[in-house]
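# Examining the three-dimensional arrangement
The chain contents come next:
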Amino acid sequence: MKVFIVGIAGGIGSRLARLLTATGDQVDGLYRRSEQGRHLETHGIHATHGDLTRLDAPALAALLHGTDVLVFTAGAGGKNGTGATTATDGTGLTTAVEAARLTGTRRLLLVSVFPEAWRHRDVSDTFEHYIDVKKRADAELAATDLDWTILRPAALTDEPGTGHISLSPALVHTDITRDDVAATLAELVHAPRIPHQILELTQGPEPITDAVHRQTHDLPTGGRP
Ligand SMILES: NC(=O)c1ccc[n+]([C@@H]2O[C@H](COP(=O)([O-])OP(=O)(O)OC[C@H]3O[C@@H](n4cnc5c(N)ncnc54)[C@H](OP(=O)(O)O)[C@@H]3O)[C@@H](O)[C@H]2O)c1
């Protein structure tokens, strides 16, 4: 399977790329800084250097040929102001959707966020903008006829993965390791009967494989392929 990861050098993207490469998938992706390419190469991952905000859909589509699954996990991370968030997490997703259409790439997995994340905190206007852009991106993708899946991880940590999660259309926001998010995405990549779902993800009691497969089996009889 050929998987293209937008944001392949990021915390989630790089972990996902390593997992998929280890299981024999063909992995490509977009990274922003040249030194990230050299780092990916040390793990046997060949990706493409480019800034998503400077690519139009045909330019990104030129990189996608033969892609079975497009994973979008790029994010401005609250750096460089609200404009960067709009351009990367918002307009960048629009570009990815258009590029997927141009190349006939049917499956798109989007890493999003719980809309109510950190509601107990006194969050900044920048954070509110981030949540707004992410929700609009979810809505935009959900309105397409692509085989989309939106994954909303809780607050990310760099603790070692546990292999155990909760995965459901509605969960209470807690946290989740980047290792376990990447492992869940890897499982979703290989679970094609799961389109048109928004799934929230936290640390939890269920083995990742079981949690993903339960979502597959929860599809109604005669549901979408
Ligand atoms: N942080 C949280 O607690 C949390 C919770 C839920 C969901 N999320 C979501 O999880 C996703 C990824 O998280 P993460 O920990 O993997 O973040 P990350 O390490 O910051 O990875 C995001 C990657 O996107 C890349 N990127 C940003 N702008 C780009 C551009 N214009 N062109 C190409 N690449 C670009 C970044 O490049 P650089 O390395 O050059 O910056 C980075 O490598 C994001 O979508 C975020 O919204 C985060």
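Residues numbered from 1 in each chain as written. Predicted model: local features only at pLDDT ≥ 70, side-chain atom pairs only at ≥ 80, totals over all residues. Heavy atoms only, no water.

### Details of the sheet that holds strand S4 (residues 69–72)
Put simply, the rule is: A pair of strands is considered paired only if DSSP assigns at least 2 bridges between the two. Secondary structure is summarised from DSSP: a helix means a run of H or I of at least four residues, a strand means a run of E of at least two, and numbering begins at the N terminus for each. Pairs of residues are marked as contacts when any of their non-hydrogen atoms sit within 4.5 Å. Only C-alpha atoms enter the line fits that serve as axes; for helices the fit covers just the stretch in contact. Angles between N-to-C directions range over 0 to 180 degrees.
Spatially, the nine strands line up as an open sheet ordered S3-S2-S1-S4-S5-S6-S10-S8-S11, and their pairing is mixed. Among the strands making up the open sheet, the edge pair consists of strand S3 (48–49) and strand S11 (206–207). The pairing of strand S8 (residues 164–168) with S11 spans two bridges and is antiparallel. Bridged to Ile165 within S11 is Glu206. Contacting strand S1 (2–6), S4, strand S5 (107–111), strand S6 (147–153), S8 and strand S10 (197–203), helix H6 (residues 178–189) crosses the sheet at an angle of about 165° to S5.

### Remarks on the side chain of Asp28
The residue Asp28 is located in strand S2 (residues 26–31) in this model. Ignoring anything within four residues of it in the chain, the contact list for Asp28 reads Lys2, Val3, Phe4, Ile5, Ile8, His46, Ala47, Thr48 and Leu63.

### Digging into the pairing of S8
As judged from the four bridges shared by S8 and S10, these two strands associate in the antiparallel manner. Bridge pairing in S10 links Ser166 to Thr202.

### Here we look at the site of the ligand
Here is the rule we go by: For this purpose, a residue is taken to be near a molecule or strand whenever a single non-hydrogen atom of the residue falls within 4 Å of it. Whenever a nitrogen or oxygen atom comes within 3.5 Å of another N or O atom, the pair is scored as a polar contact, on the condition that within protein one atom can donate a hydrogen and the other can accept it, and that pairs from neighbouring residues in sequence are kept only if both atoms are in side chains. All accessible-area figures derive from a Shrake-Rupley calculation using a 1.4 Å probe, and residue coverage is judged against the displayed protein chains alone.
Neighbouring the ligand are 26 residues, the closest being Gln36, Asp51, Tyr130, Lys134 and Arg178. A distance of 2.8 Å separates an oxygen atom of the ligand from a polar backbone atom of Gly11. A distance of 2.8 Å is found between an oxygen atom of the ligand and a side-chain nitrogen or oxygen belonging to Arg32. Computed on the free molecule, the ligand has an accessible area of 920 Å², of which 85% lies beneath the protein chains in the complex.

### Notes on the environment of Val172
Relative to the elements of secondary structure, Val172 occurs in the loop between S8 and strand S9 (175–177). Note: C-alpha distance between Val172 and Pro153 (19 residues apart in sequence) is 11 Å. Discounting residues that sit within four places of it in the chain, Val172 has contacts with Phe114 and Thr202.

### With respect to the packing of helix H3 (residues 57–64) against helix H4 (residues 81–103)
Between two packed helices, the angle of one axis relative to the other and the distance separating the axes together describe the packing. This is how it is decided: Oblique is the label for any angle not under 35 degrees, not over 145, and not in the 65 to 115 range, which are roughly parallel, roughly antiparallel and roughly perpendicular in turn. Two helices crossing with the near one rotated counterclockwise from the far one by less than a right angle form a left-handed crossing, whereas a clockwise rotation gives a right-handed crossing. The nonpolar class holds Ala, Val, Leu, Ile, Met, Phe, Trp, Tyr, Cys and Pro. Asp, Glu, Lys and Arg form the charged class, and all remaining residues, Gly among them, are polar.
Between H3 and H4, the least distance of the axes is 8 Å, while the angle of their chain directions is 55°. Here H3 lies oblique to H4, going by the angle between them. Crossing of H3 over H4 shows right-handed handedness. When H3 is examined against H4, the residues Ala57, Pro58, Leu60, Ala61 and Leu64 are found in contact with a partner set consisting of Thr95, Ala96, Glu98, Ala99, Ala100, Leu102 and Thr103. A class-by-class count of the residues in the contact of H3 with H4 yields nine nonpolar, two polar and one charged.

### A word on unusual backbone geometry
Unusually for a residue other than glycine, Asn80 sits at a positive phi of about 65°. Along the chain, Asn80 turns up in the loop between S4 and H4. Despite not being glycine, His196 has its phi angle at roughly 60°, a positive value.

### A short note on the pattern of salt bridges
Worth spelling out the cut-off: Whenever a carboxyl oxygen of Asp or Glu lies within 4 Å of a side-chain nitrogen of Lys or Arg, that contact is scored as a salt bridge. Partly exposed residues are those whose accessible area sits between 20% and 50% of the maximum for their type, while under 20% is buried and over 50% is exposed, using a 1.4 Å probe and protein chains only.
All chains considered together, the criterion is met by 11 salt bridges. Notably, a salt bridge pairs Asp179 with Arg15, separated by 2.8 Å at the nearest N-O pair. One end of the pair, Asp179, is in helix H6; the other, Arg15, is in helix H1 (residues 11–22), and 164 residues separate them in sequence. Relative accessible area serves as the criterion here: at 31%, Asp179 is assigned to the partly exposed category. The partner of Lys134 in a salt bridge is Asp89, and the shortest N-O contact between them spans 3.0 Å. Residue Lys134 is found in helix H5 (residues 125–142), and its partner Asp89 is found in helix H4; the two are separated by 45 residues along the sequence.

### Brief notes about the environment of Val69
Positionally, Val69 belongs in strand S4. A sequence separation of 43 residues divides Val69 from Gln26, and the C-alpha atoms of the two residues are 11 Å apart. Residue contacts for Val69: discarding those within four places in its chain leaves Met1, Lys2, Val3, Phe4, Arg107, Leu109 and Val189.

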